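Structural overview
So you can see what is in the structure, the chains are spelled out below.
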Amino acid sequence: MAAGAGRERFGAMIKNLSHVNVFVEDQDHAKAFYTEKLGFEMRSDATTDGFRWLTVGPKDQPDLNILDNRCRHDRPAATPE
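Conventions we followed
Residues numbered from 1 in each chain as written. Predicted model: local features only at pLDDT ≥ 70, side-chain atom pairs only at ≥ 80, totals over all residues. Heavy atoms only, no water. Buried < 20%, exposed > 50% of the residue type's maximum accessible area, 1.4 Å probe, protein only. Helix = DSSP H or I, 4+ residues; strand = E, 2+ residues; numbered from the N terminus. Pairing = 2+ DSSP bridges. Patch = residues over 30% accessible without salt bridge, like charges linked within 9 Å, V, L, I, M, F, W, Y side chains within 5 Å. Areas by Shrake-Rupley, 256 points an atom, 1.4 Å probe, with all protein chains shown as cover. Salt bridge = Lys/Arg side-chain N within 4 Å of Asp/Glu carboxyl O. Core = buried A, V, L, I, M, F, W, Y, C linked by side-chain atoms within 4.5 Å. Contact = heavy atoms within 4.5 Å. Phe/Tyr/Trp six-rings, centres within 6.5 Å; stacked < 30°, edge-to-face > 60°.

Remarks on the pairing of strand β3 (residues 51–57)
- Most of β3 sits inside the fold, with five of its seven residues counted as buried.
- Of the strand pairs in this sheet, strand β2 (residues 41–48) and β3 are connected by seven bridges, and their pairing is antiparallel. Across the sheet, A46 pairs through a bridge with W53, a residue of β3.
- In textbook terms, the turn of a hairpin is the stretch between consecutive antiparallel strands, and for β2 and β3 this stretch comprises two residues, one of which, D49, has a positive phi near 50°.
- Alignment of β3 against strand β4 (residues 65–70), held across two bridges, turns out to be antiparallel. Its bridge partner lying in β4, T55 is registered against L67.

The following block contains the structure:
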């Protein structure tokens, strides 16, 4: 197969990510882990309408934000049909 031929068959590749959603039990613990252990920087920490928007990211990748989203246990788990 010629170089580059597979791209036409499968379409474009993902070349950039801006947000990654990570579900966590404890946002404060996650914030400490990412900033203190991994050396990430805080991007935002705001609460709106009861939802805490907490993002961190690597210092050398300003366009990448990791959203530490709290798990919601008050909703029933999805069940396969």
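A look at a nonpolar patch on the surface
- A cluster of nonpolar residues, I14, L17 and V20, forms a patch on the protein surface that exposes about 300 Å² of accessible area.
- Note on placement: L17 falls in the loop between α1 (5–10) and β1 (19–24).

Looking at the nonpolar core
- With six residues, the main nonpolar core is built from V24, A30, Y34, F40, V56 and I66.
- Apart from the residues lying within four places of it in its own chain, the contact partners of V24 are A30, D68, N69, R70 and C71.

A closer look at the side chain of N69
- When you line up the elements, N69 lands in strand β4.
- Residue N69 is classed as buried on the basis of its relative accessible area, which comes to 13%.
- Discounting chain neighbours no more than four positions away, the residues touching N69 are N21, V22, F23, V24, Q27 and F51.

A word on the packing of aromatic side chains
- Counted under the stated rule, the structure contains three aromatic pairs.
- Consider the rings of F33 and Y34, whose centres lie 5.5 Å apart with planes at 75°: the pair is edge-to-face.
- Seen from their ring centres, F51 and W53 are 6.0 Å apart, and the 55° between their planes marks the pair as tilted.
- Relative accessible area serves as the criterion here: at 35%, F51 is assigned to the partly exposed category.

Quick notes on unusual backbone geometry
- Here the phi dihedral of D49 falls at roughly 50°; this positive angle occurs in a residue that is not glycine.
- Relative to the helices and strands, D49 resides in the loop between β2 and β3.

A short note on the pairing of β4
- When you tally the buried positions in β4, you get five out of six residues, the bulk of the element.
- Pairing analysis gives six bridges linking β1 to β4, with the strands arranged parallel. Each residue of the ladder has a partner; that of F23, found in β4, is N69.

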